[in-house]
Amino acid sequence: MSTIFSKIIAKEIPADIVYEDDLILAFRDIAPQAPTHILIIPKREIATANDVTAEDEAALGRLFAVAAKIAADEGIAESGYRLIVNCNEHGGQEVFHLHMHLLGGRSLGPMLARK
Ligand code: AMP
């Protein structure tokens, strides 16, 4: 099942793209939760973290390299940032095309709300 991210990859709908190569696309989140909030996605349609296979290793390894490059470009590498991949209902996943959130530009606090 394709998602809205496939339409962004195909340039059928607009996005504020900050990075693109043969395997990866990165664009600003439409509802940012921090001064820097960028989504980094493999171009191949992988629905969730559960659907990752060995053939995705190159793209998913590159996600981290691209995240580091974007963090440097955004000027937040030294102050720090958070990388998040949500999976399925309990993970809070809304778009079923695997993506990494890059969040930074302010102190993000603890990773999860304390219960
Ligand atoms: P997740 O909850 O991990 O699936 O995150 C999905 C993210 O996609 C949310 O942070 C949304 O704000 C973001 N999002 C949804 N549609 C778009 C869009 N058209 N352009 C940019 N970001 C989007």
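For the structure given in this document, a descriptive report is provided here. Counting restarts for each chain, with residues numbered from 1 along the sequence as it is written. Totals for whole chains, interfaces and linings use all residues, but because this is a predicted model, local features are given only for residues with pLDDT of at least 70 and pairs of side-chain atoms are given and counted only at 80 or more. Neither water nor hydrogens contribute to the side-chain values; these are computed over all heavy atoms in the structure.

### Overview of the side chain of H99
Heads up, the rule is: The numbering of helices and of strands both runs from the N terminus, where a helix is a DSSP run of H or I of at least 4 residues and a strand a run of E of at least 2. Whether a residue is buried, partly exposed or exposed follows from its accessible area with a 1.4 Å probe, protein chains only, as a fraction of its type maximum: under 20%, in between, or over 50%, in that order. Polar contacts, as used here, are pairs of N or O atoms within 3.5 Å; protein pairs need one atom able to donate a hydrogen and one able to accept it. Residues neighboring in sequence count only if both atoms are side-chain atoms. A contact between two residues is defined here by any heavy atoms of the two lying within 4.5 Å.
Here H99 lies in the loop between α3 (88–91) and β5 (100–104). Of the residues examined, H99 reaches a relative accessible area of 7% and is grouped as buried. Within polar-contact distance, the side chain of H99 engages the backbone oxygen of H97 at 2.7 Å. Residues within four places of H99 in sequence aside, it is in contact with F5, L39, I40, I41, I84 and V85.

### A look at a nonpolar patch on the surface
The condition is simple: Each patch is built from salt-bridge-free residues with over 30% relative accessible area, joining like charges within 9 Å and nonpolar side chains (Val, Leu, Ile, Met, Phe, Trp, Tyr) within 5 Å. The method behind every accessible area is Shrake-Rupley, applied with a 1.4 Å probe, and residues are considered shielded solely by the protein chains displayed. Between Lys or Arg on one side and Asp or Glu on the other, a salt bridge is scored when a side-chain nitrogen of the former is within 4 Å of a carboxyl oxygen of the latter.
Judged by side-chain polarity, F64, Y81 and L83 come together as a nonpolar surface patch covering roughly 270 Å² of accessible area. Tracing the chain through its elements places L83 in strand β4 (residues 81–84).

### Some points on the site of the ligand
Short version of the rule: Here a residue is near a molecule or strand as soon as one of its heavy atoms is found within 4 Å of it. Each residue receives one of three labels: charged for Asp, Glu, Lys and Arg, nonpolar for Ala, Val, Leu, Ile, Met, Phe, Trp, Tyr, Cys and Pro, and polar for the others, Gly being one of them.
Near the ligand there are 16 residues, and of these D29, N86, E94, H99 and H101 occur at the shortest range. Separating an oxygen atom of the ligand from a backbone N or O atom of V95 is a distance of 2.9 Å. H99 places a side-chain nitrogen or oxygen 2.7 Å from an oxygen atom of the ligand. In isolation the ligand offers 500 Å² of accessible surface; the protein chains occlude 87% of this area. Elements supplying a minimum of two residues to the shell around the ligand: α1 (4–9) and β2 (24–28). Take the shell around the ligand: its biggest share by element is three residues, from α1. In the shell around the ligand, the residues fall into eight nonpolar, five polar and three charged.

### Quick word on the environment of S2
Inspection of the secondary structure assignment puts S2 in the segment before α1. S2 sits in the exposed class, given a relative accessible area of 52%. Along the sequence, S2 and F96 sit 94 residues apart, while their C-alpha atoms lie 8.1 Å from each other. Within polar-contact distance, the side chain of S2 engages the side chain of E45 at 2.9 Å.

### Topic: the pattern of salt bridges
A full pass over the atoms with the stated rule returns eight salt bridges. Residues D21 and R62 are paired through a salt bridge, measuring 3.1 Å at the closest nitrogen-oxygen approach. Of the two residues, D21 sits in the loop between β1 (17–20) and β2 while R62 sits in helix α2 (residues 57–74), which places them 41 residues apart along the sequence. According to the relative accessible area criterion, D21 is buried, its value standing at 16%. On the basis of relative accessible area, R62 is assigned to the partly exposed category, the value being 28%. Ionic pairing is found between D56 and R44, a salt bridge with its closest N-O pair at 2.7 Å. Of this pair, D56 sits in the loop between β3 (36–42) and α2 while R44 sits in the loop between β3 and α2, placing them 12 residues apart in sequence.

### A word on α2
Note the threshold: Here, expected helix span is obtained from the residue count minus one, scaled by 1.5 Å.
Its 18 residues give α2 an end-to-end C-alpha distance of 26 Å, which sits within 8% of 26 Å, the value for a rise of 1.5 Å per residue. Turning to α2, its buried residues are A59, L60, L63, V66, A67, I70 and A71. Buried residues in α2 make contact with β1, β2, β3, β4 and β5. Looking one or two residues past α2, G75 carries a phi angle of roughly 80°, positive in sign.

Purely spatial values, then, with no claim about function.
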